[in-house]
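# Descriptive structure summary
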Amino acid sequence: ALLEETSCKDIGPGFLSKELGSIGERLTYAEQESGFNTEDLEYLKRSYFLLEIKDYLLMKRLTEKCGIKPTFILYFYSTQDRCPDCEKMGYVLTALRDKYPDLRVYSFDYHIDVEAIKTLISIYKVSPDLPALIVNREIFYSFRTVEELETTVPALKALATLRSKALES
């Protein structure tokens, strides 16, 4: 609620996302290691996913209030089934987030039993063909490289073009 009082001039590159990104990276590491207590890991995942959804909704409201046109990516992956493309897509999204500080990436385990995630899946009609990306409400399935995303996804193509122009200046 306090963040809703944020001034539009305070919203800049990486606003709030650095904390979410570092927690997400630690969670990814914990998912890949076998020495973690399964119940504790599930609790952390649920808490993290709910925090991401809150951030997503808050950022949507703030950017509308401020007239900013951000790029949001909702990423659905699976840890239930072996999904090598999901793991690779995670690295691609990390690279994109590093390249474009204003990019907002939210990652969700498709099969986790969290009603809010089930609601997102229902709203965006995400099928279990993972990995799945929703970029500004447009859905994309299967693994794609950074370059493929920058050339085929309109919102990311626009970010790449803006970055190229900024680098030329």
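Read on for a plain summary of the structure. (Residues numbered from 1 in each chain as written. Predicted model: local features only at pLDDT ≥ 70, side-chain atom pairs only at ≥ 80, totals over all residues. Heavy atoms only, no water.)

What follows concerns helix H6 (residues 154-168). With 15 residues, H6 extends 21 Å from end C-alpha to end C-alpha; this agrees with the ideal 21 Å at 1.5 Å per step. The set of residues buried in H6 consists of Ala155, Leu156, Leu159 and Ala160. Axial view of H6: buried residues confined to an arc of 140 degrees, hence all on one face. Seen from the buried face of H6, the exposed residues on the opposite side, beyond 90 degrees, are Leu162, Lys165 and Glu168. Packing partners of the buried residues in H6 comprise strand S1 (72-77), helix H3 (84-99), strand S3 (132-135) and helix H5 (146-152). (Helix = DSSP H or I, 4+ residues; strand = E, 2+ residues; numbered from the N terminus. Expected span 1.5 Å × (residues − 1). Buried < 20%, exposed > 50% of the residue type's maximum accessible area, 1.4 Å probe, protein only. Arc of directions from axis to C-beta. Contact = heavy atoms within 4.5 Å.)

Here we take up the sheet that holds strand S4 (residues 138-141). The four strands are arranged S2-S1-S3-S4 in an open sheet whose pairing can be described as mixed. Of all strands in the sheet, those with a lone pairing partner are strand S2 (104-109) and S4, marking the two edges. On average, each strand axis in the sheet is inclined to that of its neighbour by 20 degrees, with strand direction left out of account. Looking at chain direction, S1 and S3 are connected through four bridges and run antiparallel. In the strand pairing of S3, Phe76 is matched with Ala132. Strands S1 and S2 of the sheet are contacted by helix H2 (residues 38-66), whose axis makes an angle of about 145 degrees with S2. (Pairing = 2+ DSSP bridges. Axes fitted to C-alpha atoms, helices over the stretch in contact; angles between N-to-C directions.)

Across all of its chains, the model carries seven aromatic pairs by this definition. The positively charged end of Lys88 is found above the aromatic ring belonging to Phe143, 4.7 Å away from the centroid. (Phe/Tyr/Trp six-rings, centres within 6.5 Å; stacked < 30°, edge-to-face > 60°. Lys NZ or Arg CZ within 6 Å of the ring centre and 35° of its normal.)

Attention now moves to the nonpolar core. Soluble globular proteins tend to bury their nonpolar side chains together. Ranked by internal contacts, the top residues of the largest apolar core, which has 48 residues, are Leu74, Phe76, Leu96, Phe108, Ile117 and Leu133. A total of eight residues in this core trace back to one element, the largest contributor, which is H2. Dropping the residues within four chain positions of it, Leu96 is found in contact with Leu103, Val146, Leu149, Glu150 and Leu156. (Core = buried A, V, L, I, M, F, W, Y, C linked by side-chain atoms within 4.5 Å.)

Looking now at the environment of Lys69. Inspection of the secondary structure puts Lys69 in the loop between H2 and S1. Judged by relative accessible area, which is 78%, Lys69 ranks as exposed. Sequence separation between Lys69 and Asn136 is 67 residues, and the spatial gap between their C-alpha atoms is 9.8 Å.

To continue, consider the state of the cysteines. Applying the stated criterion across every chain yields a total of one disulfide. In this model Cys83 forms its disulfide with Cys86; the gap between the sulfur atoms is 2.0 Å. Residues Cys83 and Cys86 are joined by a disulfide whose S-S torsion is about 70 degrees; by sign, that bridge is right-handed. With relative accessibility at 15%, the residue Cys83 sits in the buried group. (Disulfide = S-S within 2.5 Å.)

Within the structure shown, the criterion is met by six salt bridges. Residue Lys45 pairs with Asp109 through a salt bridge whose shortest N-O separation is 2.7 Å. Pair noted here: Lys45 is in helix H2 and Asp109 is in strand S2, with a separation of 64 residues, a long-range link. Looking at Asp109, the relative accessible area reads 3%, which means it is buried. Between Asp113 and Lys118 there is a salt bridge, with the nearest N and O atoms lying 2.7 Å from each other. Within this structure, Asp113, Glu115 and Lys118 form a network of salt bridges that share partners. (Salt bridge = Lys/Arg side-chain N within 4 Å of Asp/Glu carboxyl O.)

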